Every structure is written in structure tokens, then in C-alpha cells.
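Coordinate inspection notes
Chain by chain, the residues run as shown.
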Amino acid sequence: MEFLGGEFRIETLAEWWNLIVAYTSTRWLPSLGITVIALVAYFPGGWILRWLRRRVASRTATDLDDALLRAIRKVFRITVVSWAAWRLADIWIGILGTETADAGWVPYDKQPGDWIWGIWIGLIFLPISGLVAHMVRSLGSKVDPDSNMALDETVLPMVNRFACLAVVALGILLALTHLGLEIAPLLAGAGVVGLALSLAAKDTLSNLIAGVLLVIDRPFKVGDRIELWSAPRETGSWGDVIDIGLRATKIKNPDNLVIVVPNNEIMQRDIINYTMSGGDIRLRIPFSCTDKGIELAKQLLLEVAEQVRGVKLDPAPIVIVRGYGPSQVNLELRVWIVEARERRRIGDEITEKAILAFTEAGVEIPYPKRDLYIKQSEAAS
């Protein structure tokens, strides 16, 4: 009988079958028992923990206990599967080792069961990381938003990601330690690779560090209105912060254009935040008139300011004389407004009404003047 290009005998197949039967005859029944025990523990145990989670969650105001029982349920199921795999490996594989020259037997330091439990250590840290992330979110929701410790939509995701990565990294290190692997050479290699990457991605790392500093210093947050430095020509020079990332910050200007500014560039400039100190800010609007209409111009500007919606009457608007030019006196109207986001509209409305009031009252708006003297000499005799 030909088999795969060679001679194959029925007796060989029978020998193989006898070996398989002899190997499995004493192992299949314990394996079946372990499998049944694992299934009985896996499904009913998971159902009991889920029922307990629902009962506890319905009686408490917080959801931390719900997240804790959810993590316990996942750890329990991972443990059951790992225990079953450990027992099956012990039955079917046994203790591995090597023979010595004098026909002795030396077992390996790490057996298949040790590898299974090492993997178990790494896996159980996944639900633990989820529990830590849930605790961070719960802490951020309970902190007073007006306090300095508030975790807004900018800081909270970063803290969440860092906490999850730290917990998972701890689980991997513990798993490697349990398996007997040396961590020091791995850390040294990671340091060398990190140095090479830092030199190759210097600008990117600079932006990442600047992003961390933005999160710590918090010169602005999502929703604040700040001044732009690199806005396209003929577009708005300010915008609302819509996203603060580790590498760049996204700002939407009044023309609905999203400008992505690297964090490193932001940290090197003066940041003008119109809404950080509150809704009300002071608005300064320059005007000019001739030296014969100063008092009337002041009165008209105060009357116009009090008529515009959004201008605060306490503190009251004031007009000061800033100086004079070749043909005009420079005035400045200073008003406090209720909402910083309305400064452009309020400034435009005050300027328009002031021009109409000046025209109606006869206040001359100065313009550059030149006096030309023509000197004519007597004709030579």
C-alpha cells in the first residue's frame, strides 16, 4: 500500500492506534471531569455574579460597586478557564524535562502550568484596568467643576488612558516575572529604542510634552475663545477651542474653519483667552473728533453705549481723552459687556450708532487737513 510516496503498512496504522488508545485511556475521564467542573463553575458562577451585580446596583446611588462586580465576574471566568487549562496541561503534557548522561531526569524550571498562570496574571489586569478607568471617570464627575481639581473633557481622557496603560504594563511585568524572564535587559533595550525614537521624532515629542504642559497649566479649555496667530488672511483672528490633543489643538474660527495648531507653537506664544476669567470683559473702542466738539462727543458716546444690548451699566461706561493728533482729538469709549463672545457685535453696533449720532448732532469727524500757502515774489525789474 502506497502512502505519500512511500510504503505504508496496515500494521503501522494499528500500532499508532494502539499507542493513542494507550495514551488516552487513563486521561480522557479525568479530562472530562475537569471540563464539566469548569463549565459548571463558568456559567452558573457568572450568572450568580451578574444577578448579584444587578441587585446591588439597584440599591445604591453609585455605580462603582456595579463596576467592581463586573470586574470580579470577568476575573472569575478568566480564572476558571485558566484552572481548567492548567489541569488539562498537567494531565496531557505532564512534567517536561531532559535526560542526563547517567539516565537521570531533570525537569525544566518552568512547566506548561507556569506559563498558563503567567498568562492568567496578564489577563486579569485587563478587567482591573477597566475598573480603574471607571473609577477615574467617576472621580471626575464628582469633583466640583469650579474647583482647580476639575477633570474636564480634556484632562479626563488623558488620565484615563495613562491609568489603563499603567495597569496593563504592571500586569505584563508581573507575568514576565512569574515566567522567570529577565526584565532588566528588556528595559535596557527599551531605553535604547526610546532614545533612537526620541532623536528621530524630536518635533513630535516636543508637541507631546507641550500637550502635557497644556493639560497641567490649563491656559484654556475646550469651549474657550482665544486669539489666533496664524489665521488665514481675510478670516477671523479668533476662535473657539474644540479639541486639545497631545500633539495639537484644534480651534474653529468664526468662518467655520478648523485650524490645527501644534502644541509646541502654542506654548511659545502669549495666549489671549477672552472667556477664562468669566463672561464679562471690558471693551475699548477708539473715536476721534475736533477740538470744538469734545464734550458733546463724550455725551453722545455715553448715550449710545447705554442703548446697546449687552453693555453693563455697573460699572458705568466712561469716555477718556487719549491724546491729540494733527487735526483731531483721540477719544476712547470703555464699556463692560456681559458676554465676551459678543464683543465683536457690541463693538460694531456702538461704532455704527456713534457715527449716526455724530452726524445728526453736527459733531465733525476729523479728516487729515493740509494748509497750502502760495508765496508769489515780485517780478524782477
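Rules used throughout
- Residues numbered from 1 in each chain as written.
- Predicted model: local features only at pLDDT ≥ 70, side-chain atom pairs only at ≥ 80, totals over all residues.
- Heavy atoms only, no water.
- Pairing = 2+ DSSP bridges.
- Helix = DSSP H or I, 4+ residues; strand = E, 2+ residues; numbered from the N terminus.
- Axes fitted to C-alpha atoms, helices over the stretch in contact; angles between N-to-C directions.
- Contact = heavy atoms within 4.5 Å.
- Buried < 20%, exposed > 50% of the residue type's maximum accessible area, 1.4 Å probe, protein only.
- Core = buried A, V, L, I, M, F, W, Y, C linked by side-chain atoms within 4.5 Å.
- Polar contact = N/O pair within 3.5 Å; in protein donor to acceptor, adjacent residues only side chain to side chain.
- Salt bridge = Lys/Arg side-chain N within 4 Å of Asp/Glu carboxyl O.
- Patch = residues over 30% accessible without salt bridge, like charges linked within 9 Å, V, L, I, M, F, W, Y side chains within 5 Å.
- Areas by Shrake-Rupley, 256 points an atom, 1.4 Å probe, with all protein chains shown as cover.
- pLDDT = per-residue confidence, 0-100.
- Phe/Tyr/Trp six-rings, centres within 6.5 Å; stacked < 30°, edge-to-face > 60°.
- Lys NZ or Arg CZ within 6 Å of the ring centre and 35° of its normal.

Moving on, we get to the sheet that holds strand E9 (residues 281-289). One open sheet accounts for three strands, arranged E9-E11-E10; its pairing is antiparallel. Edge positions in the sheet fall to E9 and strand E10 (318-324), since each of these pairs with one other strand and no more. Pairwise comparison of adjacent strand axes, ignoring direction, gives a mean angle of 25° for this sheet. The sheet contact formed by E9 and strand E11 (residues 329-337) spans nine bridges and is antiparallel. Looking at E11, one finds that Arg284 is bridged to Arg334. In this fold helix H9 (residues 294-307) packs onto E9, E10 and E11, with an angle of close to 20° to the strand it touches most, E11.

Right, let's talk about the pairing of E11 for a bit. Most of E11 sits out of view: seven of its nine residues are buried. Taken together, the six bridges between E10 and E11 define a ladder with antiparallel strand orientation. Within the sheet, the bridge partner assigned to Ile320 lies in E11 and is Glu332. Linking E10 back to E11 in an antiparallel pair, the connection comprises four residues.

The pairing of strands in a sheet comes from backbone hydrogen bonds and takes either a parallel or an antiparallel form. The strand order across the open sheet formed by four strands is E5-E6-E7-E8, and the pairing between neighbours is antiparallel. Two strands close off the open sheet at either side, each with one partner strand: strand E5 (225-227) and strand E8 (258-262). When the angles between neighbouring strand axes are averaged without regard to direction, this sheet yields 45°. Across five bridges, strand E7 (residues 248-252) lies against E8 in antiparallel orientation. Its bridge partner being in E8, Thr249 is matched across the sheet by Val261.

This paragraph deals with the nonpolar core. With 27 residues, the main nonpolar core has Phe287, Leu301, Leu331, Leu333, Val335, Ile346 and Ile350 as its most contacted residues. Of all elements in the fold, only E9, H9, E11 and helix H10 (343-361) reach the threshold of two or more residues within this core. Other than its neighbours up to four places away in sequence, Ile350 contacts Ile285, Phe287, Val304, Val308, Val311, Leu333 and Val335. With 10 residues, the next largest nonpolar core counts Val241, Ile244, Ile251 and Ile259 among its residues.

With that settled, consider the side chain of Arg334. Among the structural elements, Arg334 can be located in strand E11. You can call Arg334 buried: its relative accessible area is 16%. Of the polar contacts made by the side chain of Arg334, one reaches the side chain of Glu332; its length is 2.7 Å. Leaving out residues up to four positions away in the same chain, Arg334 has contacts with Arg282, Leu283, Arg284, Pro317, Ile318, Ile320 and Arg322.

The next thing to look at is the pattern of salt bridges. Under the criterion given, the structure shown has 14 salt bridges. In this structure, the salt-bridge partner of Arg343 is Glu227, at a minimum N-O distance of 3.9 Å. Placement of Arg343 in helix H10 and of Glu227 in strand E5 is noted, with a sequence separation of 116 residues between them. In this structure Arg343 comes out as buried when scored by relative accessible area, which is 12%. Accessibility expressed as a relative area gives 15% for Glu227, which makes it buried. A salt bridge links Arg341 to Asp240; the shortest N-O distance between them is 2.9 Å. With Arg341 in the loop between E11 and H10 and Asp240 in strand E6 (residues 238-244), this residue pair connects regions lying 101 residues apart in the sequence.

A contiguous nonpolar surface patch, about 560 Å² in accessible area, is contributed by Leu205, Leu208, Ile209, Val212, Leu213, Ile216 and Leu246. Mapped onto the elements of the fold, Leu213 is located in helix H7 (residues 202-217). Note on Leu213: relative accessible area 36%, which makes it partly exposed.

In E8, alternate side chains face the same way, and those of Ile259 and Val261 are buried while those of Val258, Val260 and Pro262 on the opposite face are not. Joining the antiparallel neighbours E7 and E8 is a turn of five residues, in which Asn256 adopts a positive phi near 65°.

With that out of the way, let us pick up the confidence of the model for the chain. Summarising the model, the chain shows a mean pLDDT of 80, and 85% of its residues fall at 70 or more. By mean pLDDT, strand E1 (residues 2-3) is the weakest element of the chain at 48, and E11 is the strongest at 91. Predicted confidence is poor over residues 146-151, with pLDDT under 50, and the contacts of this stretch with residues over four places away or in other chains come to eight contacts.

Attention shifts here to the packing of aromatic side chains. Counted according to the given criterion, the structure contains five aromatic pairs. Taking the centre distance of 5.0 Å and the plane angle of 75° together, the rings of Tyr42 and Phe43 count as edge-to-face. Both rings, one in Trp117 and one in Trp120, keep their centres 5.4 Å apart while their planes meet at 85°; by these two values the pair is edge-to-face. Here Trp117 pairs with Trp120, and both are found in helix H4 (residues 112-142), just three residues apart, close to one helical turn. Taken together, the aromatic side chains of Tyr42, Phe43 and Trp47 make up a single cluster linked through ring pairs. Note that Arg87 overlies the ring of Trp86, its terminal NZ or CZ placed 5.3 Å from the centroid.

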